[in-house]
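Architecture and fold: a report
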Amino acid sequence: MMTIRKVCVFCASSPHVPQIYSDEAYRLGGLLAGRGIGLVTGGGSRGLMASVEDGALSQNGEVTAVIPRFMVDAGWLHKGIRDVRLTEDMAERKRLMLKEADAVIVLPGGCGTMDEAMEALTLKQLGFFTAPILIVNVNGFYDMLAGQLRRMSDECFIDAGLDGLWNLADNAGQAVDMLSELPEWDTARARLSLRR
């Protein structure tokens, strides 16, 4: 099993989402900090991103913010985070967030979260990223995504040998518990190593 020191959390920045999602994000941040696991986030001051950061900071957790300069200039940076890594654009932000992390947890989110999650899954499928990817299906939010991913696998858009590319958790507590149970991805299973 992998040693998990830092977890990258992808999630919504919208402040207008139902409270159930913000509460679960806050809980996740606190649970990670309580286990001594650092948090890597997009550094935002709104939405689930702020909630997960606040949860970690409430337990004196280590939080690393990775944020593009234009977002800092727009006043989006969470003021309570000391470890801030500035990037030039969104693509560099994603690369650095994944580089900093030993695992990825995906909370509910919008287009940006989907982009981040799909890039992590693609890199793992290709063997360039080996960490666990956990999708937290709070309130059934990712039911349709889980179904779509299953269909992709069933109809061979994702190689059948790539079971375990991602794992689904029902809530923050289950996701944190699963971190210690999931093995590092075997790059021999990666698409680039598969014969055609």
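What comes next is a walk through the structure. (Residues numbered from 1 in each chain as written. Predicted model: local features only at pLDDT ≥ 70, side-chain atom pairs only at ≥ 80, totals over all residues. Heavy atoms only, no water.)

**Side note on the overall build of the protein chain**
Per the secondary structure count, the protein chain includes seven helices and seven strands. Expected size for 196 residues packed as a compact globule is a radius of gyration near 16 Å; at 16 Å, the protein chain falls within 12% of this value. Once the C-alpha set of the protein chain is aligned to its principal axes, its extents read approximately 50 × 35 × 30 Å. Put simply, the protein chain has 196 residues, and 49% of those count as buried. The contacts of the protein chain with a sequence gap of at least 6 include a subset with a gap of at least 24, amounting to 72%. When the accessible surface of the protein chain is summed, it comes to about 9600 Å², and 51% of that surface belongs to carbon and sulfur atoms. In the protein chain, 20 side chains carry a positive charge and 25 a negative one; their mean positions are 3 Å apart. (Helix = DSSP H or I, 4+ residues; strand = E, 2+ residues; numbered from the N terminus. Rg over C-alpha atoms; globule rule 2.2 N^0.38 Å. Buried < 20%, exposed > 50% of the residue type's maximum accessible area, 1.4 Å probe, protein only. Contact = heavy atoms within 4.5 Å. Areas by Shrake-Rupley, 256 points an atom, 1.4 Å probe, with all protein chains shown as cover. Lys, Arg positive; Asp, Glu negative; His and termini not counted. Charge placed at Lys NZ, Arg CZ, Asp CG, Glu CD.)

**Let's talk about the pairing of strand β3 (residues 63-68)**
Counted residue by residue, β3 has six buried out of six residues, so it is predominantly covered. Both faces of β3 are covered, namely the face carrying V63, A65 and I67 and the face carrying T64, V66 and P68. Where strand β2 (residues 38-41) and β3 come together, three bridges link them in parallel fashion. Counted as the bridge partner of V40 is T64 from β3. Of the crossover connections in this fold, the one passing from β2 over helix α2 (residues 47-58) to the parallel β3 is right-handed. (Pairing = 2+ DSSP bridges. Right-handed = clockwise from strand over helix to strand, strands pointing away.)

**Quick notes on the nonpolar core**
Formed by 60 residues in total, the largest nonpolar core has its most connected members in V7, V9, L28, L32, I105 and L179. With residues near it in sequence (within four places) discarded, V9 still touches L28, L32, L39, V40, T41, V52, M97, I105 and L107. (Core = buried A, V, L, I, M, F, W, Y, C linked by side-chain atoms within 4.5 Å.)

**Description of α2**
Taking 1.5 Å of rise per residue, the 12 residues of α2 would be expected to cover 16 Å, and the 17 Å separating its terminal C-alpha atoms lies within 8% of that figure. Along α2, nine of the 12 residues are buried, which leaves the element largely enclosed by surrounding structure. Three or more residues of α2 are buried, namely G47, L48, M49, A50, S51, V52, E53, G55 and A56. Where α2 is buried, its residues meet β1 (6-10), α1 (19-34), β2, β3 and α4 (90-100). Two residues or fewer after α2 comes N60, characterised by a positive phi angle close to 60°. (Expected span 1.5 Å × (residues − 1).)

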